[in-house]
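The chain contents come next:
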Amino acid sequence: MLFFFFQAEDGIRDWSVTGSSDVCSSDLFNWDEKYPVRDMGNGKVRAAGVGMAMQGSCISNLDVGSATLKLNEDGGYNLLIGAADMGTGCDTILAQMAAECMDCSVDDIAVFGADTDASPYDSGSYASSTTYITGKAVEKACADLKKKICEIAAQMMNCEKEDVAFESSRVRCISTGQTVSLSEIAYKTQLASNSNAEATASHFSPVSPELPLLKYWTEKNNTKHPCNLHCSVHNFS
């Protein structure tokens, strides 16, 4: 059995294949010796065939993922997403990504998923897109929220926002050493404040990156084809 994997030079986009003869030479896998059938004796034969597949992460220039991250009074976070966890584990994955970005435990992230009345927009859980597309939205939302938290903390400690450092469960004024906890910051936003400790972000991608397995095969068996495709041939016969 022969497997072929093709990877476009420009990130798997804007390319098409019109015929097998245009893709790779039959000499690449000794087609004439294996086609149409070989008599293996004892009533057995071995045939040959060609299969092609392409798999990327998301539909480029189409899929949109969004996420909202909110700081709670206990110092934890609410993560609102529109992606539906259909057994793919995206609730856990996105919580882990948020926890890494906010330097906290994944137990501090409460995920609220797929409520069309309240969740930010998401194209849907398909095309291997959730971790890549919605995950990037989570990353953006975390960065925005961290910036907001630092600005609020700077006001509370009467220092410049450039003079504060986000440190997991607190924010520290670098020059004075004074700190305020995330819980204190959350409560501050609820009293005489024009700021909220909440951020929403969206993400789309102009390219559809190959999945790790496909990338592994193309890198491990990197046969460069003149038509700007990486062709990987695997014989499991």
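Note that the structure is predicted; figures quoted are calculated from it, not measured. (Residues numbered from 1 in each chain as written. Predicted model: local features only at pLDDT ≥ 70, side-chain atom pairs only at ≥ 80, totals over all residues. Heavy atoms only, no water.)

*Asks:* I would appreciate a short explanation of the overall build of the chain in the present structure.
*Replies:* When helices and strands are tallied, the chain shows 6 helices and 12 strands. Across the 237 residues in the chain, those meeting the buried criterion constitute 35%. In the form shown here, the chain has an accessible surface area of approximately 13,500 Å², with 49% of it arising from carbon and sulfur atoms. (Helix = DSSP H or I, 4+ residues; strand = E, 2+ residues; numbered from the N terminus. Buried < 20%, exposed > 50% of the residue type's maximum accessible area, 1.4 Å probe, protein only. Areas by Shrake-Rupley, 256 points an atom, 1.4 Å probe, with all protein chains shown as cover.)

*Asks:* Looking at this model, I keep getting lost on the sheet that holds strand β4 (residues 65–71). Mind explaining?
*Replies:* For sheets, the rule is that strands pair by backbone hydrogen bonds, running either parallel or antiparallel. In space, the 4 strands of this open sheet follow the order β6-β5-β4-β10, with mixed pairing throughout. Two strands bound the open sheet, and with one partner strand each, they are β6 (109–113) and β10 (198–203). On average, each strand axis in the sheet is tilted by 20° relative to the strand beside it, whichever way the strands run. Across 5 bridges, strand β5 (residues 77–81) lies against β6 in parallel orientation. (Pairing = 2+ DSSP bridges. Axes fitted to C-alpha atoms, helices over the stretch in contact; angles between N-to-C directions.)

*Asks:* Teacher, can you tell me more about the sheet that holds strand β7 (residues 164–167) here?
*Replies:* With antiparallel pairing, 3 strands are arranged side by side in an open sheet as β7-β8-β9. Of all the strands in the sheet, just β7 and β9 (179–181) have a single pairing partner and so form its edges. Strand-to-strand twist across the sheet, computed as the mean angle between neighbouring axes with direction ignored, equals 20°. Looking at chain direction, strand β8 (residues 170–173) and β9 are connected through 3 bridges and run antiparallel. Residue pairing across strands places Val171 opposite Val180, the latter belonging to β9. Across the sheet, helix α4 (residues 130–156) is in contact with β7, β8 and β9; its angle to β7 comes to roughly 125°. (Contact = heavy atoms within 4.5 Å.)

*Asks:* Any chance you could explain α4 here in plain terms?
*Replies:* Count 3.6 residues to each turn of an α-helix, and residues three or four apart come out pointing the same way. Taking 1.5 Å of rise per residue, the 27 residues of α4 would be expected to cover 39 Å, and the 37 Å separating its terminal C-alpha atoms lies within 8% of that figure. At the exit of α4 stands Asn158, carrying a positive phi of roughly 55°. (Expected span 1.5 Å × (residues − 1).)

*Asks:* Looking at this model, I keep getting lost on the pattern of salt bridges. Mind explaining?
*Replies:* Where charged atoms from two side chains of opposite charge approach closely, those side chains can pair. Applying the stated criterion to the full structure yields 4 salt bridges. As a salt-bridge pair, Glu151 and Lys161 come within 3.9 Å of each other at their nearest N and O atoms. Taken as a pair, Glu151 in helix α4 and Lys161 in the loop between α4 and β7 lie far apart in primary sequence, 10 residues in all. By relative accessible area, Lys161 is classed as partly exposed at 47%. When the shortest N-O distance is used, the salt bridge between Arg170 and Glu167 registers 3.1 Å. (Salt bridge = Lys/Arg side-chain N within 4 Å of Asp/Glu carboxyl O.)

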